Amino acid sequence: MALFVNKQKKVQTEVSRYCSQVANCLDTFQHALEQYCKNPDRDAIRKDVADVHKAESLADDIRRDIEVLMYSKALFPESRGDILGLLETMDKVPNQAESTVRMIMNQHIVIPETYCQKVLQLVDVGCRAGKAMIEAAEKLFTDYTNATVAIGKIDELESEGDRIDAELIERLFSDDDIDGFDKIILRDLVKQISQISDRAENVGDRIRIIVAKRGI
Amino acid sequence: MLPLTGGLYLGWALGANDASNVFGTAVASRIISFRKAAVLCAVAVVVGAMLQGESGIHTLSGLTAQTMTTLVIVSVAAAFSVTLMTILRLPISTSQAIVGAIAGIGLATDSMNWGGLVKVVTCWIATPIGAMIIACVLYKILGAVIHWIPMSMLTRDKILWSGLIVVGTYGSYALGANNVANATGIFSGMLPGVSDFQLATWGGLAIAVGVITYSKRVMMAVGSGIMRMDAFTAFVAVSAMATTVHVFAVIGVPVSTSQAIVGAIIGIGLIRGVHGIKFRVLRNIAAGWFLTPAISLILTAAGYAIFCRVSG
């Protein structure tokens, strides 16, 4: 019994550490995009990509540690499966943030100044959805029945993200000042950013199932 | 001591089948290993049989007058019914098998204690109903407690993990206290120098051997039983079953743990929605309830008639 409690405590601590790391990764990503919009300097974005990658890698390391801890037979088989599935789905959010900044760097994307505010708004919505996702995941380990409150926030932010995404793309394709090829590239970037809130929503759906399974 | 063999066989069959009612869900969902569950269950069964098993023994032994010959016929007929029901893959109630067999002799020899039989049959009917009511009340109360106290999903799991083991052990105790009479109850006062306490101990040990040697297969099959149960549902169902069976152990009437758990699960199904209940399994259980005592009764009466004709 004591062994079970210790492992449970350890899993809880590690998941909390993982959530902090994902939050850190999202903050670094948001900061990188803000800086790039102010000054699209390639050296700066290279450094930011490295920072986001480092934060994402650290989150990955913690996730693998948790997986090893789980496979050493901590917790009920059902909870083990739920937590492993949750972490795998959560992992897609920092991955998406990293691939977005990498896309900007590799494809030499320059965001036109007139679009910066809206793009940063989309980034902010995505990061807030990510934070709500973290809040919901952490709630599972403190007060699981209330995790659904944070999931409601994710849903709202995801809808807002979709709205901004659609607005941006429509504006982009009715803008005669931007070259057709650049339009395609920028549309892909917008879609890439918008995916962050979509992936957070997937995590929310998974948490909803975890809570429902334990419903009375 | 030879006639006791039939009773010990019944005890073994009872342990092999009924342990699944108390630890089936916990073992099938790998909350506890079969080995640990079997040891806990076996110990609790023996303790229950020794501490509270004698009341049921008095009830069964008072149902009809017995001779050494009728004892053999009763135990063999009950054992044969149990085996037949197992072959037909229908749920077994050793309580009904043994009482059906006793009633067969009682009718054949015209020495039936009708008052005692009515008491037993009433308790059989009250068992699933009582378990159903207890399950409904527990489900509502515990559900509200778990819902309103903020806790981690892991803490919830830990509570249910501990709870399932505690109620499983309690259920095993109740199983021993209540069902030991099925195994050795009819031998009360019939074997010189063997007290009811010793009969309870022997019966408890026979059930424990059944649990350890042959209950794994049934336990693993419980997951696909009447309704798929999560940890909370299993906790409520086993608690309701254990309480009901224990109450009847105190009253002194052997009842079926299978019927108690079925009643509890139906109670939960009524709250959660009956869509999850597998009615085909329920139909088989209902068939078993009627067939077991009927087959036992017919076999015993026939066995006694053959014996009378052969012995002139």
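Residues numbered from 1 in each chain as written. Chains lettered and ligands numbered in written order. Predicted model: local features only at pLDDT ≥ 70, side-chain atom pairs only at ≥ 80, totals over all residues. Heavy atoms only, no water.

Caption draft 1: Spotlight on the overall build of chain A. Each helix and strand in chain A was counted, giving six helices and zero strands. The order of helices and strands in chain A, counted from the N terminus, is α-α-α-α-α-α. With the C-alpha coordinates aligned to their principal axes, the bounding extent of chain A is approximately 65 × 35 × 20 Å. The buried share of chain A, reckoned over its 216 residues, is 52%. Once local pairs closer than 6 in sequence are excluded, the contacts in chain A between residues at least 24 apart make up 84%. (Helix = DSSP H or I, 4+ residues; strand = E, 2+ residues; numbered from the N terminus. Buried < 20%, exposed > 50% of the residue type's maximum accessible area, 1.4 Å probe, protein only. Contact = heavy atoms within 4.5 Å.)

Caption draft 2: Here's a closer look at the overall build of chain B. Within chain B, the regular secondary structure consists of 12 helices and zero strands. Relative to the 2.2 N^0.38 estimate, which gives 20 Å for 312 residues, the radius of gyration of chain B is 19 Å and therefore close to what a compact globule would have. Taken over the C-alpha atoms alone, chain B extends approximately 75 × 35 × 30 Å along its principal axes. Split into buried and exposed, the 312 residues of chain B put 56% on the buried side. Excluding contacts between residues fewer than 6 apart, the proportion of contacts in chain B whose partners are at least 24 apart in sequence is 87%. Positive and negative side-chain charges in chain B, numbering 16 and 6 respectively, have mean positions lying 16 Å apart. (Rg over C-alpha atoms; globule rule 2.2 N^0.38 Å. Lys, Arg positive; Asp, Glu negative; His and termini not counted. Charge placed at Lys NZ, Arg CZ, Asp CG, Glu CD.)

Caption draft 3: Spotlight on the packing of helix α5 (residues 147–173) of chain A against helix α6 (residues 180–213) of chain A. Residues and elements named next belong to chain A. Here α5 crosses α6 at 165 degrees, and the two axes come no closer than 9 Å. Viewed along their axes, α5 and α6 adopt a mutual orientation that is roughly antiparallel. Crossing geometry of α5 relative to α6 is assigned as left-handed. Across the contact of α5 with α6, the residue classes break down as 13 nonpolar, five polar and 10 charged. (Axes fitted to C-alpha atoms, helices over the stretch in contact; angles between N-to-C directions. Parallel < 35°, antiparallel > 145°, perpendicular 65-115°, else oblique. Left-handed = near helix turned anticlockwise from the far one by under 90°. Nonpolar A, V, L, I, M, F, W, Y, C, P; charged D, E, K, R; others polar.)

Caption draft 4: Examining a nonpolar patch on the surface more closely. A cluster of nonpolar side chains, contributed by V121, I125, I129, I133, V137, I141, V145 and I149 of chain B, occupies part of the molecular surface with about 670 Å² of accessible area. By the element assignment, I141 of chain B lies in helix α6 (residues 114–148). (Patch = residues over 30% accessible without salt bridge, like charges linked within 9 Å, V, L, I, M, F, W, Y side chains within 5 Å. Areas by Shrake-Rupley, 256 points an atom, 1.4 Å probe, with all protein chains shown as cover. Salt bridge = Lys/Arg side-chain N within 4 Å of Asp/Glu carboxyl O.)

Caption draft 5: Inspection of unusual backbone geometry at higher detail. Here the phi dihedral of H108 of chain A falls at roughly 55 degrees; this positive angle occurs in a residue that is not glycine. The residue H108 of chain A is located in the loop between α3 (77–106) and α4 (113–139) in this model. In this structure, D110 of chain B takes a positive phi of about 55 degrees despite not being glycine. With respect to the helices and strands, the residue D110 of chain B is situated in the loop between α5 (94–109) and α6.

Caption draft 6: Local environment of the interface of chain A and chain B. In this complex, chain A contributes 22 residues to the contact, which on the side of chain B involves 20 residues. If you look at where chain A meets chain B, you find one salt bridge. A salt bridge links D157 of chain B to R214 of chain A; the shortest N-O distance between them is 3.8 Å. Take the side of chain A that touches chain B: its biggest share by element is five residues, from helix α1 (residues 2–38) of chain A.

Caption draft 7: How the structure looks around α6 of chain A. All names here are of chain A. Between its first and last C-alpha atoms α6 spans 49 Å; for 34 residues at 1.5 Å apiece the expected length is 50 Å, and the two agree. At Q195, α6 shows its maximal bend, which comes to roughly 25 degrees. A side-chain oxygen of the first residue of α6 lies 3.1 Å from the backbone nitrogen of F181; this N-cap is D179. (Expected span 1.5 Å × (residues − 1). Bend = angle between axes of the 7 residues up to and from the residue. Polar contact = N/O pair within 3.5 Å; in protein donor to acceptor, adjacent residues only side chain to side chain.)

Caption draft 8: Expanded view of the environment of P254 of chain B. Residue and element names in this part refer to chain B. Structurally, P254 is set in the loop between α10 (231–251) and α11 (257–272). Residue classification places P254 among the buried positions, given a relative accessible area of 0%. Considered as a pair, P254 and S195 are 59 residues apart in the sequence and their alpha carbons are 19 Å apart. With sequence-adjacent residues up to four places away left out, P254 is seen in contact with G56, L60, S95, W124, N178, A181 and N182.

Caption draft 9: Structural context of the packing of aromatic side chains. Inspection of the entire model under this criterion finds three aromatic pairs over all chains. Aromatic side chains W12 of chain B and Y214 of chain B sit 5.5 Å apart centroid to centroid with 35 degrees between the ring planes, which places their arrangement in the tilted category. Placement of the pair is W12 of chain B in helix α1 (residues 4–28) and Y214 of chain B in helix α8 (residues 196–214), with a sequence separation of 202 residues. Residue classification places W12 of chain B among the partly exposed positions, given a relative accessible area of 29%. Overall, Y214 of chain B belongs to the partly exposed group, its relative accessible area being 44%. The ring of Y115 of chain A is capped by R171 of chain A, whose NZ or CZ atom sits 4.3 Å from the centre of that ring. (Phe/Tyr/Trp six-rings, centres within 6.5 Å; stacked < 30°, edge-to-face > 60°. Lys NZ or Arg CZ within 6 Å of the ring centre and 35° of its normal.)

Caption draft 10: Structural context of the pattern of salt bridges. By the definition in use, this model includes 22 salt bridges over all chains. Each of the salt bridges in this network shares a partner with another, and the network as a whole consists of D60, D61, R63, R64, E67 and D91 of chain A.

Caption draft 11: Here's a closer look at the environment of D188 of chain A. All names here are of chain A. Inspection of the secondary structure assignment puts D188 in helix α6. With a relative accessible area of 31%, D188 lands in the partly exposed category. Sequence separation between D188 and M103 is 85 residues; the distance between their C-alpha atoms is 9.5 Å.

Caption draft 12: Looking closely at the nonpolar core. Residues I83, L140 and I207 of chain A are the most contacted members of the largest nonpolar core, which totals 164 residues. Setting aside anything within four residues of it in sequence, one finds I83 of chain A in contact with V11, V15, M70, L75 and F141 of chain A together with M153 and L154 of chain B. (Core = buried A, V, L, I, M, F, W, Y, C linked by side-chain atoms within 4.5 Å.)

Caption draft 13: Broad picture of the side chain of Q192 of chain A. Residues and elements named next belong to chain A. Tracing the backbone shows Q192 in helix α6. At a separation of 2.7 Å, a polar atom in the side chain of Q192 contacts the side chain of S99. When neighbours within four sequence positions are excluded, Q192 is seen to be in contact with Q96, S99, T100 and M103.

Caption draft 14: Fine view of the confidence of the model for chain B. Residues and elements named next belong to chain B. When pLDDT is averaged across chain B, the result is 88; 96% of the residues are at 70 or more. When mean pLDDT is compared element by element in chain B, helix α2 (residues 34–52) scores highest at 96, while helix α9 (residues 216–221) scores lowest at 74. The ipTM value of the predicted complex is 0.80, and its pTM value is 0.82. (pLDDT = per-residue confidence, 0-100.)

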